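# Residue-level structural notes
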Protein chains: 2
Amino acid sequence: MCRRFVLALGYLLLVHSSHADEGMWLINDPPRELLKKKYQFELTEDWLQRLQKASVRFNSGGSGSFVSPNGLILTNHHIGADCLQKLSDQNHDYLRDGFYAPTLEDEKRCPGTELNVLMSIEDVTDRIKSAVKPGMSPAEAFAARRAMMAEIENESLKKTGLRSDVVTLYQGGLYHLYRYKKYTDVRLVFAPEQGIAFFGGDTDNFEFPRYNLDICFFRAYENGKPARVKHYFKWSREGPKEGDLVFVSGHPGTTNRLETVPKLIHRRDHTFPFLLNLLRAREARLRQFSERGPNLARMARTDLHRTANARKAYTGMYHGLLDPATLKRKRVEEKALVSKLQAHSKSLKNFKNAYQRIAEAQKALATFENEYLLIERGYGFYSELFGIARHLVRMAEELEKPSANRLREYRDSNLESLKLRLFSPAPIPAELERAKLSLSLSFLAEIMGGGDDFVQKVYAGKSPSDRASELVNGSKLFDPAVRKKLADGGRNAISRSDDPMIVLARQVDPVARRLRSKFESEVDEVERQAFAQIAELRFEAMGKSVAPDATFTLRLAFGVVRGYEEEGKKIPFATTFAGLYEHAAAHGHREPFDLPSRWLKGKSRLDLSTPFNFVSTADTIGGNSGSPVLNRRGELVGVNFDRNRHGLVRNFVYTDYQARHISVHGLGILEALKKLYKTDRLVEELMGE
Amino acid sequence: MCRRFVLALGYLLLVHSSHADEGMWLINDPPRELLKKKYQFELTEDWLQRLQKASVRFNSGGSGSFVSPNGLILTNHHIGADCLQKLSDQNHDYLRDGFYAPTLEDEKRCPGTELNVLMSIEDVTDRIKSAVKPGMSPAEAFAARRAMMAEIENESLKKTGLRSDVVTLYQGGLYHLYRYKKYTDVRLVFAPEQGIAFFGGDTDNFEFPRYNLDICFFRAYENGKPARVKHYFKWSREGPKEGDLVFVSGHPGTTNRLETVPKLIHRRDHTFPFLLNLLRAREARLRQFSERGPNLARMARTDLHRTANARKAYTGMYHGLLDPATLKRKRVEEKALVSKLQAHSKSLKNFKNAYQRIAEAQKALATFENEYLLIERGYGFYSELFGIARHLVRMAEELEKPSANRLREYRDSNLESLKLRLFSPAPIPAELERAKLSLSLSFLAEIMGGGDDFVQKVYAGKSPSDRASELVNGSKLFDPAVRKKLADGGRNAISRSDDPMIVLARQVDPVARRLRSKFESEVDEVERQAFAQIAELRFEAMGKSVAPDATFTLRLAFGVVRGYEEEGKKIPFATTFAGLYEHAAAHGHREPFDLPSRWLKGKSRLDLSTPFNFVSTADTIGGNSGSPVLNRRGELVGVNFDRNRHGLVRNFVYTDYQARHISVHGLGILEALKKLYKTDRLVEELMGE
């Protein structure tokens, strides 16, 4: 047994020493020791404070940062795309053609955009855990915990006026309360053409070498004026060099590194095949829609890009799970933990028990996951109008309850953010709605069967496309005023409404709620308790040497700027403008390698040796898009926008063998802004001039 | 009961009178009465003889016709695409750029192409049916029938030297022996650019109005010289006009109109969702592959087009099945038959019994259909090399048995055709093979689970992409001489081979064979017997007033050249060259609406009022591509190439409400050949000058 222990420990060290740049670390529990030891870097409180308060979360799913004291924000073009699309119309295609506000007055407000800046973190683990009493059924435990979370959030909101979210860390091992300052008046300052922001399109997505000016500038406003912010990142006048230590601050969305093997196997054999099928169905439909003409293509562009991007990402993640090396490594890690626990037979027993409960939850989930995803999570109703209708229907019912007893998204502390989106004046194109809804109604039948009672009820005796047309053409929910009136009218207004989308949402809701309860009690709660137990056992055995999985909350990652080898070829750490023009020429300048005319005409004005994109080993994931990349001094040296395909497996295991995240180089951004876009006002503000 | 009978009969008449142009009729049982009554058209023996012997089948899945006494053949560009792609290399892209042989010597031989011309039909129903004795198990019955079919085919081959196929009609109600003259020396004469042949690409596919020069000319050779043929179609010097009766002769692939409702529901709820998932997965992968560069795009073009085309077709068919009107109509038809049978209680009982057996076969099929399609039908191994390897492995085993006992595709009478494909010198691009195989290995796991024993065995401890590379890079089967040597070496050579693709095919074969036997005995045989019974009952009750489902054998369809209405807009029956140029301009001449330069430069030479494409109500389906469209005199007035999307439901029900097949107009072809392509030799031959 002693030998086995040593062997397992050996594995563990091996696993850990070889992934030393792993980790999306909590801001309130940063890897001070590690940074000091490996990189002789001293993390100061000031440095951390700035990192925290100059980092910005795009509530729609991305990261960004303040880059001037006047609320100027840098993020990715693909994070700004949602706003660019909403501001566009038949005469202005800002998403395709870009935008620049030469004066403050020209900055354009984005409908429905919310930004969050993290102000403080508080550990509320004990309070949350105390809510669940021994002997409670899973459903009771779930409700009790949810109520406690809502109570804590509400208290905090009342006390501080700040957006307050309880965040579940280590799958239930810790609970932290995050308080955010919110900005809801966000205006567009600058965006380049999509042709350079997304040069190479879906073809080059998740590849490196890359040549993308994937940037977008916004400005946060307060009381109609540019927000004054104390913390922001200064723009570095030098770029990162090979071998430099860099930091990435941002909001990684989801990782699954602490999940057990049976849960990963469930993802491999159930969730991923379902999602891949769904995404490919959407992509085929959106592509067909877009091909019918440039106006339709404009409408569908954001949806299509998101879908193609997700399809490529999920395919890479799925292949990661199919690679025998991945699960082998997870098994080694699990064995290492088991070995550590073997000294305490009670701990070992608890671990095995928790492990088994998680495995059983997967079996339960497999029996209803498709329906849960389609009906409750809404994947079977790919329609903005339906999403709005469902919120209206649910709000009417939920708001009659005390905040603590509501479905979590309707708790008091979340209502303002929810309503911002719900009453957003952004236009919803009816043609696209019809296509998306018709596709998803048809997909509903693909998965559940055309004769299924629920499907038949949704179809109401019509074909999917006729039904989608009837629902979309008959709905008045395009108008935010109508939505607001329905929301204000409460349960009465909703139950009297004959808007076909509201009627459908009313019909669907009982089924959806049943599936949600089932998921909560048979899967979510079981997993949460079991994972919490495993987390505690891991803390006991190994401390917090492993960062929690990503939760779309602020994290700090670090790594080294470094190229890699691929098929015997050296890939340098950075590309240049010269490489951009060569790459375009190699593809005959054909879409998606057709450079905007500004770039073709302006070539001679550029210093072609300027670095354009670069890679580092830091640990990022989707959600980190728009993250600032910082040097030791905390200056901005780039903005992260992608991973290469080798990095797609990082949802499950960190590796720096070939895997890299990709950033736009700070000097490349400056060169383009100065020489091609001539955005003097913007450059002066960035340079603090 | 009497009232119900009358009512049902009313339905039946209604159903029939409203679909009077329905039917893909047997050449030896043509709708003489119907044509006489409805169109005052007298079908003469001469007319039928010419139709039969001037019609050509492309064994790879299409139709065509002789259009000169010297073996000149007209078909579609997309039917010729396979040959165009195989003849292309890095320096010549005939698929994209077109081809013209100014002299006979320039005509280029297509590797692996086989054409069939139907010489005679013989009814062998009694012999086939007599092979199955009462009391035989399904497996015995299947084997006995298969043996009898092989025996009849072999006898015929020996006696006549002609390719001899027993064809199953009415799902087992009739068996006819078809004898074909074969042409295996087929040479390319002319093809236009893909940009005009497939103008509008996947966007306009299955749409009308259309503007496609989807034509390709080949020539059949015998003994190294142009084949002299007695029967061919003369080119009409006038085009079809609105309201004209036209005929379509060709080889419709598959319809499902005589299937029972439970079988259609099985297709709706199992087969279609599986196939749509598969096709979308292939399409996404092939598109990603093609985007990486023009050379890769060339390699994948045919696969991508076929896949996108199939995805669009299957989606339309699936939507047809989801439309409640479709199954309602099938139920009405079934009720009508039941009513007719009610006079004879034994007949009714037999019908209900057969109907029930078909329903039960669907239940059985649902439990293993995915595996059957993936493993035995090869959808899980999307690779030409694997297809070749499997044939080699199976041939080695099967050829040791008497012909009558072999798997049907290895019967003596089929061997020559099979070997023509198997030893074809057409190049197989390794990059494309790797991408396709890697995709399909991954898809195998999506459907069967990553941990499935079979999947694990196929993966051999590697990731799907590593495994695909290993298999493709290590295989010598790219070389036709290697294949031939392995085939000649028989069982010994195969069992000793360490070619990784042969090794894989050997491993997969036992599983595949088990699935095939299971399918044959639990589904195919049960259905065949039951459908045969239903067919006989239908013959008794209604005669042969309904044509058999399509079987990729020669059929005659007829209809009227007629436009239709769509969303309140009149769609005229034909388009013109003027419309082509307008359509290109409306799409900004962007791909796939970018006309070849010949068409841009040559516009002024064309008479823009010349009709280009036209539609008729005749009953066609996939496989009819390249079918000649004929006038009352039997002259060629066009070549069919597509259906509009309203016609996609025709797999299950015929309708002429908006549903149309689409043809290139004979006068449009002539105008383009004369004025733009200047193919004098070809035009003179067509005009008999």
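Residues numbered from 1 in each chain as written. Chains lettered and ligands numbered in written order. Predicted model: local features only at pLDDT ≥ 70, side-chain atom pairs only at ≥ 80, totals over all residues. Heavy atoms only, no water.

### Quick word on the packing of helix 14 (residues 369–376) of chain B against helix 17 (residues 430–448) of chain B
All names here are of chain B. The condition is simple: Fitted lines through C-alpha atoms serve as axes, helices being fitted only where they are in contact, and the angles separating the N-to-C directions of these axes extend from 0 to 180 degrees. Secondary structure is summarised from DSSP: a helix means a run of H or I of at least four residues, a strand means a run of E of at least two, and numbering begins at the N terminus for each. Should an angle lie under 35 degrees it is considered roughly parallel, over 145 roughly antiparallel, and from 65 to 115 roughly perpendicular; all remaining angles are considered oblique. By convention, the crossing between two helices is left-handed when the near helix turns anticlockwise from the far helix through less than a right angle, and right-handed when the turn is clockwise. In this description, contact between two residues means that some pair of their heavy atoms is separated by no more than 4.5 Å.
Look at helix 14 against helix 17: their axes get within 11 Å of each other, and the N-to-C directions meet at 165°. Comparing their axes, helix 17 and helix 14 come out roughly antiparallel. With respect to the hand of their crossing, helix 14 and helix 17 are arranged in left-handed fashion. Where helix 14 approaches helix 17, its residues N370, E371, L374 and I375 are matched on the opposing element by F443, L444, I447 and M448.

### Side note on the domain arrangement of chain A
Residue and element names in this part refer to chain A. Short version of the rule: Domain extents, as shown, originate in an automatic or database domain assignment. A 1.4 Å probe defines the accessible area here, and the buried area is the portion of it lost by two parts on being joined, summed over both. A side-chain nitrogen of Lys or Arg and a carboxyl oxygen of Asp or Glu constitute a salt bridge if their distance falls within 4 Å. Two N or O atoms form a polar contact when they lie within 3.5 Å of each other; inside protein one atom must be a possible hydrogen donor and the other a possible acceptor, and for residues adjacent in sequence the pair counts only when both atoms belong to side chains. Under the convention adopted here, Pro, Cys and the residues Ala, Val, Leu, Ile, Met, Phe, Trp and Tyr are nonpolar, Asp, Glu, Lys and Arg are charged, and Gly plus all remaining residues are polar.
As far as domains go, chain A holds domain 1 (3–114 + 184–257 + 548–687), domain 2 (117–182) and domain 3 (261–538). Here domain 1 and domain 2 have C-alpha centroids that lie 31 Å from each other. Each partner contributes to the interface: domain 1 provides 19 residues, whereas domain 2 provides 17 residues. Together domain 1 and domain 2 conceal approximately 1500 Å² of surface at their shared face, both sides included; 55% is due to carbon and sulfur atoms. Looking only at domain 1, the three residues that lose the most surface to domain 2 are N28, R57 and P548, adding up to 26% of its buried area. Run the count over domain 1 and domain 2 and you get 3 salt bridges. Here R163 and E114 are joined by a salt bridge, their closest N and O atoms 2.8 Å apart. The tally of links from domain 1 across to domain 2 stands at 6 residue pairs in polar contact (both at pLDDT 80 or more). Elements with a minimum of two residues in the side of domain 1 that touches domain 2: helix 3 (45–54) and strand 2 (55–58). No other element matches the 3 residues that strand 2 contributes to the side of domain 1 that touches domain 2. Its residues placed into classes, the side of domain 1 that touches domain 2 shows 6 nonpolar, 7 polar and 6 charged.

### Some words on the interface of chain A and chain B
Of the residues lining the interface, 38 residues belong to chain A; the matching set on chain B comes to 38 residues. Summing both partners gives a buried area of about 3000 Å² for chain A against chain B, and 50% of it is carried by carbon and sulfur. In terms of surface lost to chain B, no three residues of chain A exceed R280(A), E291(A) and E446(A), which account for 19% of the buried area on that side. Taken together, chain A and chain B are joined by 4 salt bridges. Notably, a salt bridge pairs R590(A) with E591(B), separated by 3.3 Å at the nearest N-O pair. Applying the counting criterion to the chain A and chain B interface returns 18 residue pairs in polar contact (both at pLDDT 80 or more).

### Focus: helix 14 of chain B
Residues and elements named next belong to chain B. What counts is decided by this rule: Here the term buried applies to any residue with accessible area under 20% of the maximum for its type, exposed to any over 50%, and partly exposed to those in between, with areas from a 1.4 Å probe on protein chains only.
Counting buried residues in helix 14 gives 6 out of 8 residues, a clear majority hidden from the surface. Among all positions in helix 14, only E369, Y372, L373, L374, I375 and E376 are buried. In the stretch just after helix 14, G378 is the one whose phi turns positive, near 85°.

### Side note on the packing of aromatic side chains
Residue and element names in this part refer to chain B. What counts here: The aromatic pairing rule takes the rings of Phe, Tyr and Trp, using the six-membered ring of Trp, and pairs them if the centres are within 6.5 Å, calling planes under 30 degrees apart stacked, those over 60 edge-to-face and the rest tilted.
In this structure the tally under the stated criterion is 52 aromatic pairs over all chains. Aromatic side chains W47 and F247 sit 4.7 Å apart centroid to centroid with 65° between the ring planes, which places their arrangement in the edge-to-face category. One end of the pair, W47, is in helix 3 (residues 45–54); the other, F247, is in strand 13 (residues 245–250), with 200 residues separating them in the sequence. Summarising the burial analysis for this pair, W47 and F247 share the class buried. Each ring, one from F190 and one from Y677, has its centre 5.1 Å from the other, and the planes form 80°; the classification is edge-to-face. One end of the pair, F190, is in strand 10 (residues 185–191); the other, Y677, is in helix 24 (residues 666–677), and 487 residues separate them in sequence. Residue class for Y677 comes out buried when judged on its relative accessible area of 8%.

### Quick look at the sheet that holds strand 18 (residues 611–616) of chain B
Residue and element names in this part refer to chain B. The condition that has to hold: Should DSSP find at least two bridges between two strands, the strands are taken to pair.
Pairing within the open sheet is antiparallel, and its 8 strands lie in the order 1-14-13-19-20-21-18-17. The sheet is open, and its two borders are formed by strand 1 (25–26) and strand 17 (574–576), each paired with just one other strand. In this structure, strand 13 lies alongside strand 19 (residues 628–630), joined through 2 bridges in antiparallel fashion. Looking at strand 19, one finds that F247 is bridged to L630. Of the strands in this sheet, strand 18, strand 20 (636–643) and strand 21 (661–665) are in contact with helix 24, which crosses strand 21 at around 40°.

### Looking at unusual backbone geometry
As a rule of thumb, non-glycine residues mostly have phi less than zero, and peptide bonds are mostly trans rather than cis. Going from E591(A) to P592(A), the amide bond is cis rather than trans, its omega being 0°. As for its position among the elements, P592(A) is in the loop between helix 22 (577–586) and helix 23 (597–601). Residue P209(B) is reached from F208(B) by a cis peptide bond, and omega for that bond is 0°. Within the secondary structure, P209(B) is located in the loop between helix 9 (201–204) and strand 11 (216–222). For F206(B), which is not glycine, the phi dihedral falls at a positive 65°. Its place among the elements puts F206(B) in the loop between helix 9 and strand 11. In this structure, Q658(B) is a non-glycine residue whose phi angle is positive, near 70°.

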